[in-house]
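Listed here are the chains, written in short residue letters.
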Protein chains: 2
Amino acid sequence: MEVENRFITIKASIDGFPQLSDFEVKTETLSLSFGVGNKQVVLVKNIYVSIDPYQLNRMKSSQTVLSFASAIIPGEAIDTYGVGRVVESDKPDFQKGDLVVGLLSWGEYTIVKEGTILNKLDPMGLPLPHHVGTLGISGLTAYGGFFEVCKPKKGETVFVSAASGSVGCLVGQYAKLFGCYVVGCAGSQKKVDLLKEELGFDDAFNYKEETDLKSALKRYFPGGIDIYFDNVGGGMLEAAVANMNTFGRVAICGVISEYTDNGKRAAPNMLDVLYKSITIQGFLVKDYIKLHKDFFSTTMEHLQTGKMKAPTDISCGLESVPSAFIGLFLGDNVGKKIVQIADE
Amino acid sequence: MEVENRFITIKASIDGFPQLSDFEVKTETLSLSFGVGNKQVVLVKNIYVSIDPYQLNRMKSSQTVLSFASAIIPGEAIDTYGVGRVVESDKPDFQKGDLVVGLLSWGEYTIVKEGTILNKLDPMGLPLPHHVGTLGISGLTAYGGFFEVCKPKKGETVFVSAASGSVGCLVGQYAKLFGCYVVGCAGSQKKVDLLKEELGFDDAFNYKEETDLKSALKRYFPGGIDIYFDNVGGGMLEAAVANMNTFGRVAICGVISEYTDNGKRAAPNMLDVLYKSITIQGFLVKDYIKLHKDFFSTTMEHLQTGKMKAPTDISCGLESVPSAFIGLFLGDNVGKKIVQIADE
C-alpha cells in the first residue's frame, strides 16, 4: 500500500531563534512493505500532534548534549508524540480504525516501526487532545519531576516558572492537590488570570512586569522557597536559588530561555547552593517511565472528577506547525500546544 | 580563676581578598565564674587549631547566606575546631590535664561553654593533628560528601578539585579504597606528585598548566565523569559539568574561587544538567553528623593500617594564624592546614 504524505521538515540546522523560513512542507510517498521479515509496522493517520520546545535542541548543528533523542536531519520527518488512527497494520494487536497514541510525526501520516512507542487508545470520556499532553509526555514529565525530583512535603512552598505552559500548569495543580503553597509566573496578564482563577494557584505574577526578579520572589515568598520547578533557566533560576530555603530542591525540567541563545547561561550563586544545602537536579521524562501507571490513574481520576484542568492550545492544519512551534519561544501558547492535522 | 589570653581577630569585615593588615592580635583577661547557675564551663589551653577557607565567608559584611555559623564580629575571638588540654573545669566529666577536641578558637585559651562541641580525646596512637583534620571536621565532610551526596558505585570515575587540600585528599583516598577511578587536580607539581605518588590517585594534573579546562578533563576522562567533588567552583565546575556522564553527581563542598570575589560566578550549562540528568548538590558537614561513628571507626582503621594518609601542613605560633589563613587562598597549603599554638 502507498499513501502520499505531506510533512514538515527543516531546511537546515537551526542554531538561533527559529524562523518560518527555516521550515518547509515536503511530500513523500510512504510505501509499506508488510510481511517482510519480522519488521511489523503500522500506518497511522495523524490527528493531533504535540509541539514541544525541546525539539529545537534536536535541530541544532551541535548535538553533543542530546543523548536521549536523535538529531533532526534536514529534509526528513520529525517525530513527536501524538494521537492518530490506524490505516493499515501488519501487527495483530492493531486493527484498521483503531485510535492510537505514541510516537508519530509532524506530518499527515506516520509509519510506526517495531520498537517505537505506540499504544491503543481508549479516550475514557476525555477529549483526544488530553491524551497528547496532560495524559501524555507533558503530564508524566510534570508528575515524575514534581514527585520524584522535588520530593515535596505537605505545606512546603513551590514556585513554578512558565506556569501556564504544558508542564508548569500541571505541576502547579499536582502541588496544590498535594497540599503545597504554590506561586507561578508567566508572561501575560491573561496567563496570570488563568493560574489564579482557573487552576487554583495560590498566587501568580507576570515576570515581564518585574524589574528585579530576586525581589519579586522575596515578595511572593517572604518565608523562602522550598521547591522550584524550573522550565526557563536564566535569570529566573538565579533569582529562585537566591530565595531558596535550606534543603531546597530545584528541578531543571526546561531551559527555554537558553534554547534560542547558546551563549546565554544562568549563574546561580554556588555559595547559596553550598550554604543552604540546595539540590539542583536535571531530569528527563524517560527517567520516570516506571511511574506511568500511577501517573495515569491518578491524573485520569483528577481530570474526570474535575480536580485538575488541562489547558490546551490547539492550532489547525499541518501548515500551522512551524508557527505553533516558533510561538512557544514567544510565549504565545496558553497551556499545552497541539496542532490538529486531521478530523477526529 | 583568670588567664591572660592572646587571640587573633579581624579589625573590620573583609569583603575581598584577605590581607595581613586585616588581622590583629588582641589580649583579654578570661575570667571564669565557675558554679554560677547551671552554666558549666571548661577552660582549655589550645594546642592545635584548624585553619579553614569558609571562615572568610563569616568575615564578610553581608552574611545573608550563612545560616550555619554566626558572623565573626570584629574585635572578638574566632571559633574553630581544634585540640587542646583542660586547664580548669566546672564539668564533672572533664578533669584538669585532659586532652580534648572540639570547638576552640584562634587564641591561646578558650572558654568552652555548655552546649558547645567538646569531647575528651584518646589519640589512639595517632598524632594529635590527625584529630584536628582527618578525624575531625575535614574528614567527616569528605566522608559524608562522598558517600551520601555522591552515592558512588564501584568502578565509577571520580574527579576531585583542590585534591591536595584538607577535604579533597581524603575524598580521593575514600574513592580509591571504595573502588573508583580517581583523578585530582591541584595547583603545583609538588601537589600533583603527592596525589599520584603518595595518596594513590590514578592520575592528577596541575590546572594552572591547562589553557582549556574542558579539553583537559576530556583528556583525563575520555569516558566521562560520573562524580565531581567540587571544592573550587568557577570555571572548573563549568568544565566538569560539560564532561559529566548521564546521571552524574556533583557535590558542592566549597567554592573557594569565589570566596574572595563576590562578583565571580560559575555558569554551568543547564542544558547539560537537563539532558544528562545531572544532580548538583550543596552540602554542609552538619548535614551528616549522624555518620560520625561510622566515619570515625572506618577512618581510624584506614589510618592505623596505613591504607589512608593524612597530609598535614602545620605552622607554628599564634601569630602565624593570619598568614596561614591567607595562604589557603593562594594555594600555599599541602593537605590540612593547622596552626600549633602551644606544645603538646
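Only a predicted model underlies this, so the values are computations on that prediction, with no experimental measurement involved. (Residues numbered from 1 in each chain as written. Chains lettered and ligands numbered in written order. Predicted model: local features only at pLDDT ≥ 70, side-chain atom pairs only at ≥ 80, totals over all residues. Heavy atoms only, no water.)

Visitor: Please provide a residue-by-residue account of the relation of the copies chain B and chain A, values included.
Guide: When chain B is fitted to chain A, the residual RMSD is 0.0 Å, and the transformation amounts to a turn of 180° plus an axial shift of 0.0 Å. A rotation of that kind, with that shift, is consistent with a two-fold axis. Taking C-alpha positions as reference, the residue of chain B nearest the rotation axis is B:Ala267, located at 2.1 Å. Here 100% of the interface residues in chain B have copies in chain A that are interface residues too; the copies meet face to matching face. (Least-squares fit on C-alpha atoms with pLDDT ≥ 70 in both. Contact = heavy atoms within 4.5 Å.)

Visitor: I'd like a description of the interface of chain B and chain A, backed by residues and values.
Guide: In this complex, chain B contributes 36 residues to the contact, which on the side of chain A involves 36 residues. Interface of chain B and chain A: buried area, both sides summed, is about 3,100 Å²; carbon and sulfur atoms make up 61% of it. Counting every contact that joins chain B to chain A gives 0 salt bridges. Taken together, chain B and chain A are joined by 9 residue pairs in polar contact (both at pLDDT 80 or more). At the level of secondary structure, the elements contributing two or more residues to the side of chain B that touches chain A comprise strand S12 (244-252), helix H8 (256-259), helix H9 (270-275) and strand S13 (279-282) of chain B. For the side of chain B that touches chain A, the element with the most residues is H9(B), which contributes 6 residues. (Buried area = accessible area lost by both parts, 1.4 Å probe. Salt bridge = Lys/Arg side-chain N within 4 Å of Asp/Glu carboxyl O. Polar contact = N/O pair within 3.5 Å; in protein donor to acceptor, adjacent residues only side chain to side chain. Helix = DSSP H or I, 4+ residues; strand = E, 2+ residues; numbered from the N terminus.)

Visitor: Could you give an account of the packing of aromatic side chains, naming the residues involved and the relevant values?
Guide: Geometry of an aromatic ring pair is reported as the spacing of the ring centres plus the angle between the planes. By the definition in use, this model includes 36 aromatic pairs over all chains. An angle of 15° between the planes, with centres 4.7 Å apart, marks the rings of B:Phe205 and B:Tyr220 as stacked. Taken together, the residues span a long stretch of sequence, with B:Phe205 in strand S10 (residues 203-206) and B:Tyr220 in helix H6 (residues 213-220) at a distance of 15 residues. On the basis of relative accessibility, which here comes to 3%, the residue B:Phe205 falls in the buried class. B:Tyr220 gets classed as buried once you look at its relative accessible area, which sits at 19%. Between B:Phe325 and B:Phe329, the ring centres sit 5.3 Å apart and the planes meet at 85°, which makes this aromatic pair edge-to-face. Each member of the pair, B:Phe325 as well as B:Phe329, carries the same accessibility label: buried. Three or more aromatic residues link up through ring pairs in this structure, and these residues are A:Tyr143, A:Phe146, A:Phe147, A:Tyr174, A:Phe178 and A:Phe295. The ring of B:Phe178 carries the charged tip of B:Lys154 above its face, separated from the ring centre by 4.8 Å. (Phe/Tyr/Trp six-rings, centres within 6.5 Å; stacked < 30°, edge-to-face > 60°. Buried < 20%, exposed > 50% of the residue type's maximum accessible area, 1.4 Å probe, protein only. Lys NZ or Arg CZ within 6 Å of the ring centre and 35° of its normal.)

Visitor: Tell me about the pattern of salt bridges, and name the residues and values.
Guide: Residues and elements named next belong to chain A. Overall, the coordinates contain 30 salt bridges over all chains when judged by the stated rule. The partner of Glu156 in a salt bridge is Lys153, with the nearest N and O atoms 3.8 Å apart. Taking relative accessible area as the criterion, Glu156 reaches 10% and is therefore assigned buried. Among the charged side chains, a salt-bridge network with shared partners connects Arg6, Glu108 and Glu319.

Visitor: Please give an account of the domain arrangement of chain A that cites residues and values.
Guide: Residue and element names in this part refer to chain A. On domain assignment, one finds that chain A holds domain 1 (2-133 + 311-340) and domain 2 (137-286). A straight line from the C-alpha centre of domain 1 to that of domain 2 covers 29 Å. Facing 22 residues of domain 1, the contacting portion of domain 2 comprises 18 residues. Across the domain 1/domain 2 interface, buried area totals approximately 1,500 Å², and carbon plus sulfur atoms make up 63% of it. One can count 0 salt bridges joining domain 1 with domain 2. (Domains from an automatic or database assignment.)

Visitor: Tell me what's going on with the sheet that holds S12(B), and back it up with residues and numbers.
Guide: Ordered in space as S10(A)-S9(A)-S8(A)-S11(A)-S12(A)-S13(A)-S13(B)-S12(B)-S11(B)-S8(B)-S9(B)-S10(B), the 12 strands form an open sheet in which the pairing is mixed. Sheet topology places strand S10 (203-206) of chain A together with S10 of chain B at the edges, where each strand pairs with a single neighbour. For this sheet, the mean angle separating the axes of adjacent strands, direction not counted, is 15°. Across 3 bridges, the pairing between strand S8 (residues 157-160) of chain B and strand S11 (residues 225-230) of chain B is parallel. Counterpart to B:Val160 in the pairing with S11(B) is B:Phe229. In this fold helix H3 (residues 137-149) of chain A packs onto strand S8 (157-160), strand S11 (225-230), strand S12 (244-252) and strand S13 (279-282) of chain A, with an angle of close to 150° to the strand it touches most, S11(A). Set on the sheet, helix H4 (residues 168-178) of chain B makes contact with S8, strand S9 (181-186) and S11 of chain B; between it and S8(B) the angle comes to about 170°. (Pairing = 2+ DSSP bridges. Axes fitted to C-alpha atoms, helices over the stretch in contact; angles between N-to-C directions.)

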